[in-house]
Structures are given as C-alpha cells and as structure tokens.
Amino acid sequence: MTRTAPALARSRLHGLLAFWAVAVFGLAAEAGPRSVPDPRPEGRGERTVSEWLTRMHEASRQRNYIGTFVVMSNAGQMSSARIWHACDGQRQVERIESLSGARRSTFRRDDEVLTFLPESKTVRSERREALGLFPELLKPNDSVIPEFYSAHRVGADRVAGFDADIVQVLPKDGLRFGYRIWSEKKSGLMVKLQTLDDAGRVLEQAAFSELQLDAPVRMDRLSQMMAVPDGWRVEKPDAVRTTAAAEGWALKAPVAGFKSMSTYKRPAEGVLQWIFSDGLASVSLFVEQYDPKHHQHEGVFASGATHTFTRRVQDWWVTAVGEVPPQTLKAFAQSLERRR
C-alpha cells in the first residue's frame, strides 16, 4: 500500500465528516430559521431520490450549527468530534475538534483545510479536493444518482432531540453501498447516517448525539483560530493537479456510474491519486512504482465501510480505496492500464 492510502483508509471519522459536512451540509449559506420548499410535485406522496437529496442539501445551506458527531463501525471502533459550522451566504468556515484518539483540530474555510497537531506542534495545510475528500454533493438533477440509487421513506424516529424521517437510499446494482438516512422533519437536515451492505447490515453509523441548529457561531472568530501559533511548523504537501492521461494512465472500461473528478500527483512521494465519484460514494486510485520491500501483499482489506484493494500492475503498485464494495475497487484496479 502507499503511504497515502493507509492514512486515508484509517481516517474514518474524517472521511465520514467529509461525506456529511461537505457532501450533505455542503455549501452552507446564511444562518437563521427558514422554511425549505418541498420539491415534490403537488399531490404526489413519495419523493424521488433526487428530491430527498435536494431537500437535505438545501436545508444544509441555511444553518449554522454546533454539535457532537459520533462514528461507529461494525468492527466496534468508535470516534467522535465536536463541530462548529458558520456561514455568511458566500463563504463557510468549519472547526472539527477530535474527542477521541490523537488530539487534533481541523479547520476548513471553503477549500482550505488546516489540521493542527498539538503533540508535534505541526499544522498541515492542504486543499480539500487534493485530500481526496468528496468535494460536494453533485446536484441531483445533473448527476447520475437516480440511475443508480432509489429512495423511500421507511419510518420515523428522533435523533438528538429532533423528529426525523427515515429514508432508505438503495443501490440498483452491486457496485455501491446503500444508506439509511435520518432527515429532520421540518428542514430536511440530515442528523444520522448508516452505510449498509447488500444484505442490509450496518457497516458504519454516523450521527449527532447532540445538535444545536442556528447556533451563534461567528465566522470571524473561527477564522481567527486558524492563525498558526508561534513556534509551530507548517507542512504543505506537494500535491500538484494533473490529469490521468497526462501521466500515462487510463481506464480500459469505465465503472458504471462513477465519474472522474480530479487527479493529483505528489512528486516527493512518487504517488499519483485519481479520484472518482458517483455523487454519493467516492473511490481513489493511488499509483506508485512497485517496491518489493514495501509492496508484499495483494488483496482486499476492510475497515467499516471503507475497503482497500491492492494489486501489482507491471512495474507499478495500485491501491484502490473507497466506501464501496470490494468488487467495485477490483473493477477500477483491473481496468487501469498504462498507456505509455
């Protein structure tokens, strides 16, 4: 495996926070209670998957919030974080403070991500897309989501003190996982998420255990907290945007529903990262020179909903990572070919 891929696979809390806070809470706008238009055509009882996702996404654009976020996997692992999210209609700032594991504070201002590691007095400065985090939920009307997912309301519940609809988002093929989403009744805001395998078993769960909507979070205060303290070291990864074709790589056949989002190379590490998404799930392909001392085990590895597939391709070592079934990662890795 690459040095980059294991870190991405291990960071399940931050991966789910990326799906949640970026993909669904998305491009948040001004705070304050507002009604969210119901996208259903008049007289129709059941929303489509696009209508459910649009409602959740639009609800996220209207709220500042503070909450405690807990992630649990089917392997018994648990992580938690405190989140502060503020917006002004044009920009957004977010602070994520880990409550378990190593101490770290992550700030996101639009696409800028700063991670403060107090034990080493280090700040990692990266761009959100270069991290391989899902950049934003594809607009449901413009994406392929309805071709590969369906959605149905299956019940009601309460989460963190809020009444919620339970929405089942199921895949139409075996290349992606399903989701069970708790959507706050009044606004549509997502307050809980489960990732499901093909048998309906919960692989991973993420939920707010406590949530304050329309919280008095100030963007200027969060921005001030992003200042690097005296004596701290700043690390800036050398990720350079490129294209797979420019680096001599291509897919022999596309993987149904997944679109190429971006490609980055990291010259210092000798790693190429190619990012794909179907609008809900994402996959990263990492490619580097084969090294028999470090690349000894081909196969599939799992951590909650995240799977990793490694394979040697001629003189190269390929690592596919994503919150998708193993067969999807195999399809990507086996389709990858060198063009020069």
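These notes cover the structure that comes with them. (Residues numbered from 1 in each chain as written. Predicted model: local features only at pLDDT ≥ 70, side-chain atom pairs only at ≥ 80, totals over all residues. Heavy atoms only, no water.)

Take the overall build of the chain next. Each helix and strand counted, the chain has six helices and 21 strands in total. Once local pairs closer than 6 in sequence are excluded, the contacts in the chain between residues at least 24 apart make up 56%. Element-wise, carbon and sulfur atoms account for 49% of the exposed surface of the chain, whose accessible area totals about 15300 Å². (Helix = DSSP H or I, 4+ residues; strand = E, 2+ residues; numbered from the N terminus. Contact = heavy atoms within 4.5 Å. Areas by Shrake-Rupley, 256 points an atom, 1.4 Å probe, with all protein chains shown as cover.)

Inspection of every chain in the model, using the stated rule, returns 10 aromatic pairs. With a centroid separation of 5.4 Å and an interplanar angle of 85°, the aromatic rings of Trp-249 and Trp-316 are classed as edge-to-face. One end of the pair, Trp-249, is in strand β14 (residues 249–251); the other, Trp-316, is in strand β20 (residues 316–322), with 67 residues separating them in the sequence. On the basis of relative accessibility, which here comes to 4%, the residue Trp-249 falls in the buried class. Judged by its relative accessible area of 19%, Trp-316 falls in the buried class. Aromatic pair Tyr-290 and Trp-317: ring centres 6.0 Å apart, planes at 35°, arrangement tilted. With Tyr-290 in the loop between β17 (282–289) and β18 (299–303) and Trp-317 in strand β20, this pair connects stretches of sequence that are 27 residues apart. In this structure Tyr-290 comes out as partly exposed when scored by relative accessible area, which is 24%. Linked through ring pairs, Phe-258, Trp-274, Phe-276 and Phe-332 together constitute an aromatic cluster. The aromatic ring of Trp-182 is capped on one face by Lys-192, whose charged end is 4.3 Å from the ring centroid. (Phe/Tyr/Trp six-rings, centres within 6.5 Å; stacked < 30°, edge-to-face > 60°. Buried < 20%, exposed > 50% of the residue type's maximum accessible area, 1.4 Å probe, protein only. Lys NZ or Arg CZ within 6 Å of the ring centre and 35° of its normal.)

A few words on the sheet that holds strand β6 (residues 122–127). An order of β7-β8-β9-β10-β11-β1-β2-β3-β4-β5-β6-β12 is seen for the 12 strands of this open sheet, with the pairing classed as mixed. The sheet terminates laterally at β7 (149–159) and β12 (233–235), the two strands that pair on one side only. Within the sheet, the average angular offset between the axes of one strand and its neighbour, ignoring direction, is 20°. Where β6 lies against β12, three bridges are found, and the strand directions are parallel. Residue pairing across strands places Val-123 opposite Val-234, the latter belonging to β12. (Pairing = 2+ DSSP bridges. Axes fitted to C-alpha atoms, helices over the stretch in contact; angles between N-to-C directions.)

There is about 260 Å³ of room inside the second largest pocket. Lining of the second largest pocket is provided by 17 residues; of these, Arg-176, Phe-177, Leu-196, Asp-197 and Asp-198 occupy positions nearest its centre. Among the secondary structure elements, those contributing two or more residues to the lining of the second largest pocket are β8 (162–171) and α6 (326–335). Looking at which element gives the most residues to the lining of the second largest pocket, the answer is β8, with three residues. Looking at the lining of the second largest pocket residue by residue, the classes come out as seven nonpolar, six polar and four charged. (1 Å grid on protein atoms, 1.4 Å probe; cavity = no way out; pocket = protein on both sides within 12 Å on 5 of 7 lines; lining within 4 Å. Points joined across faces, edges and corners; volume = space filled by probe spheres on them. Nonpolar A, V, L, I, M, F, W, Y, C, P; charged D, E, K, R; others polar.)

Tallying each qualifying case throughout the model produces 15 salt bridges. Between Lys-185 and Asp-165 there is a salt bridge, and its shortest N-O distance comes to 2.8 Å. In this pair, Lys-185 sits in the loop between β9 (178–184) and β10 (190–196) while Asp-165 sits in strand β8, placing the two residues 20 residues apart along the sequence. In this structure, a network of salt bridges that share partners links the residues Arg-124, Arg-233 and Glu-235. (Salt bridge = Lys/Arg side-chain N within 4 Å of Asp/Glu carboxyl O.)

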